[in-house]
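Each chain, written out:
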Amino acid sequence: MSDIMLGKKILLGVSGGIAAYKMPLLVRLFVKAGAEVQVIMTARTKQFVTPDTLAVLSKRPVLTDVFGAFAQPSHWAEHIRLGEWADMFLVAPATANTLAKLAHGFGDDMLSIVYLALRPNKPRLVFPAMDGEMFTAASVQRNIEQLVQDGCTVIPPEHGDLASGLVGVGRLPEPETIFAHAVKALAGSTDALDEDEQKYRGKHIVVTAGATREKIDPVRFISNYSSGKMGFALAEAAAQLGATVTLITGKTPLATPPTVARINIESAEEMLRAAESEFARADMFIAAAAVADYRPVEVQSEKLKKSDSEFSLRLIKNPDILAAFGAQKKPHQVAIGFALETHNGIENAKEKLLKKNLDMIVLNSANEAGAGFDVETNIITIITRDGFAEKFPLMHKRNAAKTILKKAAAFLSAIAS
Ligand SMILES: Cc1cc2nc3c(=O)[nH]c(=O)nc-3n(C[C@H](O)[C@H](O)[C@H](O)COP(=O)(O)O)c2cc1C
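Residues numbered from 1 in each chain as written. Predicted model: local features only at pLDDT ≥ 70, side-chain atom pairs only at ≥ 80, totals over all residues. Heavy atoms only, no water.

### Points about the overall build of the chain
Here is step 1 of the chain: Of regular secondary structure, the chain possesses 13 helices and 21 strands.
Here is step 2 of the chain: For the chain, the spread of C-alpha atoms along the three principal axes comes to 85 × 50 × 40 Å.
Here is step 3 of the chain: For the chain, the residues scored as buried account for 52% of the 417 residues in total.
Here is step 4 of the chain: Counting only contacts in the chain whose residues sit at least 6 apart along the sequence, the fraction spanning at least 24 positions is 66%.
Here is step 5 of the chain: Here the chain displays about 19700 Å² of accessible surface, and carbon together with sulfur accounts for 52% of that area.
Here is step 6 of the chain: The distance from the centre of the 47 positive side-chain charges to the centre of the 46 negative ones in the chain is 3 Å. (Helix = DSSP H or I, 4+ residues; strand = E, 2+ residues; numbered from the N terminus. Buried < 20%, exposed > 50% of the residue type's maximum accessible area, 1.4 Å probe, protein only. Contact = heavy atoms within 4.5 Å. Areas by Shrake-Rupley, 256 points an atom, 1.4 Å probe, with all protein chains shown as cover. Lys, Arg positive; Asp, Glu negative; His and termini not counted. Charge placed at Lys NZ, Arg CZ, Asp CG, Glu CD.)

### Concerning the site of the ligand
Here is step 1 of the chain: The environment of the ligand is formed by 14 residues, the closest being Gly16, Thr42, Thr95, Ala96 and Thr98.
Here is step 2 of the chain: One nitrogen or oxygen atom from the main chain of glycine 16 is found 2.6 Å from an oxygen atom belonging to the ligand.
Here is step 3 of the chain: Isolated, the ligand exposes 640 Å² of accessible area, and the fraction of that covered by the protein chains is 65%.
Here is step 4 of the chain: Of the residues belonging to the shell around the ligand, the class tally is six nonpolar, seven polar and one charged. (Near = heavy atom within 4 Å. Polar contact = N/O pair within 3.5 Å; in protein donor to acceptor, adjacent residues only side chain to side chain. Nonpolar A, V, L, I, M, F, W, Y, C, P; charged D, E, K, R; others polar.)

### Focus: the environment of asparagine 399
Here is step 1 of the chain: Here asparagine 399 is to be found in helix H13 (residues 397–408).
Here is step 2 of the chain: Distance in space between the C-alpha atoms of asparagine 399 and asparagine 378 is 9.2 Å, their sequence separation being 21 residues.

### Focus: the layout of surface pockets
Here is step 1 of the chain: Considered as a void within the structure, the largest pocket measures approximately 1100 Å³ in volume.
Here is step 2 of the chain: As for the largest pocket, its lining consists of 42 residues, of which Ala289, Val291, Asp293, Phe338 and Lys352 are closest to the centre.
Here is step 3 of the chain: Per element, the largest residue contribution to the lining of the largest pocket is five residues, and it comes from strand E16 (residues 334–341).
Here is step 4 of the chain: Here the residues of the lining of the largest pocket sort into 18 nonpolar, 13 polar and eleven charged. (1 Å grid on protein atoms, 1.4 Å probe; cavity = no way out; pocket = protein on both sides within 12 Å on 5 of 7 lines; lining within 4 Å. Points joined across faces, edges and corners; volume = space filled by probe spheres on them.)

### Some words on the pattern of salt bridges
Here is step 1 of the chain: Using the criterion set out here, one finds 17 salt bridges in the structure.
Here is step 2 of the chain: Across the pair arginine 295 and glutamate 269 runs a salt bridge whose closest N-O atoms are separated by 3.3 Å. Of this pair, arginine 295 sits in strand E14 (residues 294–296) while glutamate 269 sits in helix H10 (residues 268–279), placing them 26 residues apart in sequence.
Here is step 3 of the chain: With a relative accessible area of 33%, glutamate 269 lands in the partly exposed category.
Here is step 4 of the chain: As a salt-bridge pair, lysine 407 and glutamate 390 come within 2.9 Å of each other at their nearest N and O atoms. Separated by 17 residues along the polypeptide, lysine 407 in helix H13 and glutamate 390 in strand E20 (residues 389–391) bring together distant segments of the chain.
Here is step 5 of the chain: The exposure class of lysine 407 is partly exposed, given its relative accessible area of 34%. (Salt bridge = Lys/Arg side-chain N within 4 Å of Asp/Glu carboxyl O.)

### So, the sheet that holds strand E13 (residues 284–287)
Here is step 1 of the chain: With mixed pairing, the eight strands of this open sheet are ordered in space as E12-E11-E8-E13-E16-E17-E19-E20. Taken across any chain shown, the strands that pair with only one partner, and hence form the sheet edges, are strand E12 (261–264) and E20. Each neighbouring strand pair of the sheet contributes to a mean axis angle of 15°, computed without reference to strand direction.
Here is step 2 of the chain: When E13 meets E16, the two strands line up parallel, connected through four bridges. Paired with isoleucine 286 across the two strands is isoleucine 336, which belongs to E16.
Here is step 3 of the chain: The sheet strands contacting H10 are strand E8 (204–209), strand E11 (244–249), E12 and E13, and the helix crosses E11 at an angle near 165°.
Here is step 4 of the chain: Along the sheet, H13 makes contact with E13, E16, strand E17 (360–365), strand E19 (380–384) and E20, crossing E19 at roughly 10°. (Pairing = 2+ DSSP bridges. Axes fitted to C-alpha atoms, helices over the stretch in contact; angles between N-to-C directions.)

### Regarding the packing of H10 against helix H11 (residues 321–328)
Here is step 1 of the chain: Interhelical geometry of H10 versus H11 gives an angle of 25° and a closest axis separation of 9 Å. Classified by the interaxial angle, the pair formed by H10 and H11 is roughly parallel. Pair H10 / H11 crosses with right-handed handedness. Of H11, the residues touching H10 (which contributes Ala268, Met271, Leu272, Ala275 and Phe279) are Ile321, Ala324, Phe325 and Gln328.
Here is step 2 of the chain: Residues belonging to the contact of H10 with H11 are distributed by class as follows: eight nonpolar, one polar and no charged. (Parallel < 35°, antiparallel > 145°, perpendicular 65-115°, else oblique. Left-handed = near helix turned anticlockwise from the far one by under 90°.)

### Some words on the side chain of serine 58
Here is step 1 of the chain: Counting through the fold element by element, serine 58 comes out in helix H2 (residues 51–58).
Here is step 2 of the chain: With residues near it in sequence (within four places) discarded, serine 58 still touches Val27, Val31, Val37 and Val39.

### Here's the deal with the sheet that holds strand E4 (residues 124–128)
Here is step 1 of the chain: What the five strands build is an open sheet, ordered E2-E1-E3-E4-E5; its pairing is parallel. With one partner strand each, in any of the chains shown, strand E2 (36–41) and strand E5 (153–154) form the two edges of the open sheet.
Here is step 2 of the chain: The pairing of E4 with E5 spans two bridges and is parallel. Opposite leucine 125, over in E5, you have threonine 153 as the bridge partner.

### Concerning unusual backbone geometry
Here is step 1 of the chain: Across the junction of alanine 92 and proline 93, the peptide omega takes the value -15°, indicating a cis bond.
Here is step 2 of the chain: Looking at the secondary structure, you find proline 93 in strand E3 (residues 88–94).
Here is step 3 of the chain: Residues other than glycine seldom take positive phi values, yet lysine 59 does so here, at roughly 60°.

### Description of a nonpolar patch on the surface
Here is step 1 of the chain: Side chains of Tyr294, Phe311, Leu313 and Leu315 sit close together on the surface and give an oily, nonpolar patch of about 400 Å² of accessible area.
Here is step 2 of the chain: Tracing the sequence through the fold places phenylalanine 311 in the loop between E14 and strand E15 (315–317).
Here is step 3 of the chain: The exposure class assigned to phenylalanine 311 is exposed, which follows from its relative accessible area of 60%. (Patch = residues over 30% accessible without salt bridge, like charges linked within 9 Å, V, L, I, M, F, W, Y side chains within 5 Å.)

### Brief notes about the nonpolar core
Here is step 1 of the chain: If you look at the biggest cluster of nonpolar residues, it comprises 37 residues, and the most contacted ones within it are Tyr200, Ile205, Leu234, Val245, Met284, Ile286 and Ile404.
Here is step 2 of the chain: With eight residues, helix H9 (residues 229–240) is the largest single contributor of residues to this core.
Here is step 3 of the chain: Every residue in contact with isoleucine 205, bar those within four places of it in the chain, is listed here: Tyr200, Ala238, Ala243, Thr244, Val245, Thr246, Met284 and Ile286. (Core = buried A, V, L, I, M, F, W, Y, C linked by side-chain atoms within 4.5 Å.)

These values are about where atoms sit, not about what they do.
Quick look at the structure:
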């Protein structure tokens, strides 16, 4: 599982725009994901969000003034220490004023001077946000161009309602989207999220994962070797793209990915109940769980005793959760299934796709080394309704998850801005 934020040192520079009010939520996302966050705010920012709020959430004093830092029992040159300390510098919101300072090498407050002191190979993410025509002003655009040339990743603001009541380009993206950009930058990418990846922002993605357990008696159950790793990787990848993710999972020791809402279940029937409560609001339903096809007709209330040399168990078919979603899905909803086959893989997977009214099915072979249950890697073939099948080479389940989401984005409607 990706723990990319775990232990990462994030400098969050907040400048004095109205969107600074979103920063406490962003700090929480970083902290929840295991990152250390040092907030630096400009003097003006205090008009928009209190330093105390950000200090409590980040568990560190908020810094503003280069000289004020001497008052604290810390390093003799805090700005230099922070520049060395950070794994990433993220400025959100970046006002027109702060953009100008960063683009021109000013160093008259803690934010701008730490920006100068940052090690050159560390990612710098800048999120301009401003009202009215400010963003399109020639000087602002010139400064952005300069920052890009200097190696910053500048994420353009979104189109939408602005604080002034105007509608236009200037909105700061939501904290989940900023977080997703930060994850991407830490993973080594200097690109902004591409068009497909952006489609996940604000979407509700429901993922099922792991094996179900079908009770025989108080101490025994029927289950399978599924570890839940593929489903957890999908939930994590979707969350990193800014989706709201519900993960319905069988028992597994895997840690819940940051920002993902987890529902623990045991049996197929419990999984169906949990899933049904999510059907209506799911934009995409990804069934990565290995649900037992059958369960014992009767669950013994006492432990079965060993007696005869043979023993038979009567089983009854379990509900088909994915087919239930497929049967009721609305045109905007996307259904994705998994198929694990030992023979006639593509044929069987195609049949399953049509029978269950899916948009896409991911076939993983149970025969190939490094693929299938309880391993870190997978070999996937993605099949769509038009019958097109694309096989991918052996890859880590985390990368398989990203590949699947990228393909599945084609079925998601573009988000209205
Ligand atoms: C209510 C209000 C909202 C503002 N919002 C923004 C904004 O969203 N973006 C921006 O660039 N400037 C905004 N400004 C102007 C900045 O606060 C101002 O340029 C300030 O000097 C920025 O200082 P700083 O960059 O050091 O934080 C706003 C000003 C006010 C009074």
